[in-house]
Amino acid sequence: MIDGFLALYLFMLAAFTGHEIISRVPVILHTPLMSGSNFVHGIVLVGAMIALGEATTPLQQIIGFIGVFLGAGNAAGGYVVTERMLEMFKSSKKPAAGGENK
Amino acid sequence: MQTAQIVSFLIQASYFVAAVLLILGIKRMSSPVTARSGIQWAGIGVLVAVVATFFHSGKPGHVLIENAALIFVAIALSTAIAWVWGKKVAMTDMPQMVALYNGMGGGSAAAIGASVLLDAAMSNNPEHALTMTQALLAVIGALIGSISLTGSVIAWAKLDGRMDKTFRFSGQQVVNGACFLAAALIGLYAVWHLETQWVVLFFALALTFGVLMTLPIGGADMPVVISLYNAFTGLAVGFEGYVQGNIALIIAGTVVGAAGTLLTRLMAKAMNRSISNVLFSNFGGGGGSAQDIKGSLKPIEADDAASLLYMADNVIIVPGYGMAVAQAQHKIWELSKNLIDRGKSVKFAIHPVAGRMPGHMNVLLAEAGVPYDLIADMDDINPEFPNCDVAIVIGANDVVNPVAKTDKSSPIYGMPILDVANAKQVIVIKRGKGTGFAGIENALFYQDNTRMLYADGQDAANKLIAGLKAVDGGGGH
């Protein structure tokens, strides 16, 4: 288990990181970025997997199953939607598509 | 024992790699050039963590996690549905899809909370007992996650047109407040007295509150709400991560929580609404004593509008959500290319809340093939309007309404707007005479230098292209 103050430091540093990362984002990327950050919290799937993995009673298994199902939807859906949005961003200065690394 | 330690070490290492990839992924998504690789890095991060978790075995001698088959079925089923749906949904419908997927994440975090709390409440095994901090954070995370789940589903239903825009009744705020207070107090009580019935009641109230809270919010404010729920889910994931002792979840969740909160504030600011204003007040209901607008609406035919464009050197196009609804962005880009071929400067002016989320309009224009360096932010383009010969407003309304600067009694007073009113000539393409989201008349439409082109967006663009070709025989210069 994580010690209380250590966790507090973690929360604080992560919060600053999130704030810093997004404060330099151009407006044109706000929607893809919201969608991208939506995908990032899809990591919750890992937590739900562990919850279902530790489930012993049928009730816990049902709750765990719902958790994994929802978490996987968050991750998969968030990824597809974000990638679809981002693959459309092209610059007129580099008209040939594929300028970005694949 | 030795191998178990190695496996455990590898799982922890893969979580660390995942956390690094997720943060770098968001970082790369903050520039248009690297954005595409950003989501791919983040994707690899989650994939690595998920694969590693399959080897998180609780019992000695077992290679895979318990219930591995069940987990696999749940992931396969959900991924298949979400993947197919996400692939085929139209770009205009993206905001509600983000809302839905975000709600699922919130629900997942709430399920983790439910699982941990019920486990502690039902079993006598001291191994399953929670510390006070764990129980408290499990409850808070579950509360936020539950609100995000049901609230996002309502937001999705509203934006997808599956539900009437608003549900309001007198005393609604009191009912909502009571519901929230009850959920919070019972949740708090359950921290000290972990019993099944309190946990169940707590979840019922929390889920109900998510619905109640979102029902009275109108469509115009939905982007702010979706963004807020996105931040909520992030926080919920972070808190449940603490309960489970999973640092990757804490970091990823908190980063999203902080970034989402900032994004929500940026959005609310662009709409000149405080977050509390969005959540607790009704918009566009009262209105009342708006100033009378002088002048008249002056219609124009497409051919005449094409001639105006032919004479112009600097053209600025101001698209709004109406253009996207009419699916006119491809035609408008074709029109723009026709203008560029004739040696004119064409720019697209985007209000921060054009579309339904900040940047949504950029995505829609990008889909039509408009290069992003022709697209200008409000702050960059506003000084250029006085030099603009013709500004074309298509499907935008409130974001170009000058009463936001002049009429203190207007509900949109103070909202930053695009200064289209300063252009030498304005052409407004519009289907009919209706008002915008805010339900107020637009003074721009009544200005002396404004002409109204009443047509469907695609039709109008087609006619303008034909009109341009009629003027110079189709060849350009």
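From a predicted model like this one, the values you see are computed outputs, not experimental measurements.

The rules behind these values
Residues numbered from 1 in each chain as written. Chains lettered and ligands numbered in written order. Predicted model: local features only at pLDDT ≥ 70, side-chain atom pairs only at ≥ 80, totals over all residues. Heavy atoms only, no water. Contact = heavy atoms within 4.5 Å. Buried area = accessible area lost by both parts, 1.4 Å probe. Salt bridge = Lys/Arg side-chain N within 4 Å of Asp/Glu carboxyl O. Phe/Tyr/Trp six-rings, centres within 6.5 Å; stacked < 30°, edge-to-face > 60°. Helix = DSSP H or I, 4+ residues; strand = E, 2+ residues; numbered from the N terminus. pLDDT = per-residue confidence, 0-100. Buried < 20%, exposed > 50% of the residue type's maximum accessible area, 1.4 Å probe, protein only. Pairing = 2+ DSSP bridges. Axes fitted to C-alpha atoms, helices over the stretch in contact; angles between N-to-C directions.

J.: An account of the interface of chain A and chain B is needed here, citing residue identities and associated values.
T.: Every contact between the two is made by 79 residues of chain A and, on the other side, 102 residues of chain B. Together, the buried faces of chain A and chain B total about 8,400 Å²; carbon and sulfur atoms form 76% of this surface. When the buried area of chain A at its contact with chain B is split by residue, Met34, Ile43 and Arg84 of chain A rank highest and sum to 9% of it. Applying the counting criterion to the chain A and chain B interface returns 2 salt bridges.

J.: I'd like to hear about the packing of aromatic side chains, residue by residue, with values.
T.: All told, the structure shown has 8 aromatic pairs over all chains when counted by the stated rule. Consider the rings of Phe180 of chain B and Phe209 of chain B, whose centres lie 5.2 Å apart with planes at 50°: the pair is tilted. In this pair, Phe180 of chain B is assigned in helix H6 (residues 172-192) and Phe209 of chain B in helix H7 (residues 196-214), connecting sequence segments 29 residues apart. Pairwise contacts between aromatic rings join Phe39 and Tyr79 of chain A together with Trp83 of chain B into one cluster.

J.: Help me get a handle on the confidence of the model for chain A, residues and values and all.
T.: Within chain A, residue pLDDT values average 83, and 84% of them lie at 70 or more. Note on residues 93-102 of chain A: pLDDT is under 50 here. Beyond four places in sequence and across chains, it has 11 contacts.

J.: How would you explain the environment of Ser23 of chain A if you had to name every residue and give the values?
T.: Residue and element names in this part refer to chain A. Here Ser23 shows up in helix H1 (residues 4-23). On the basis of relative accessibility, which here comes to 41%, the residue Ser23 falls in the partly exposed class. Residues Ser23 and Phe5, spaced 18 residues apart in sequence, show a C-alpha to C-alpha distance of 27 Å.

J.: Any chance you could break down the sheet that holds strand E4 (residues 390-394) of chain B for me, citing the residues and the numbers?
T.: Residue and element names in this part refer to chain B. Strand order across the open sheet formed by 6 strands is E3-E2-E1-E4-E5-E6, with parallel pairing between neighbours. Of all the strands in the sheet, just strand E3 (375-377) and strand E6 (450-454) have a single pairing partner and so form its edges. Along the sheet, successive strands turn relative to each other by an average axial angle of 25°, direction set aside. Where strand E5 (residues 425-430) lies against E6, 5 bridges are found, and the strand directions are parallel. Note that in E6 the partner of Val426 across the bridge is Thr450. Each of strand E1 (314-319), strand E2 (345-350) and E4 touches helix H13 (residues 329-341); the most contacted strand, E2, lies at about 145° to it.

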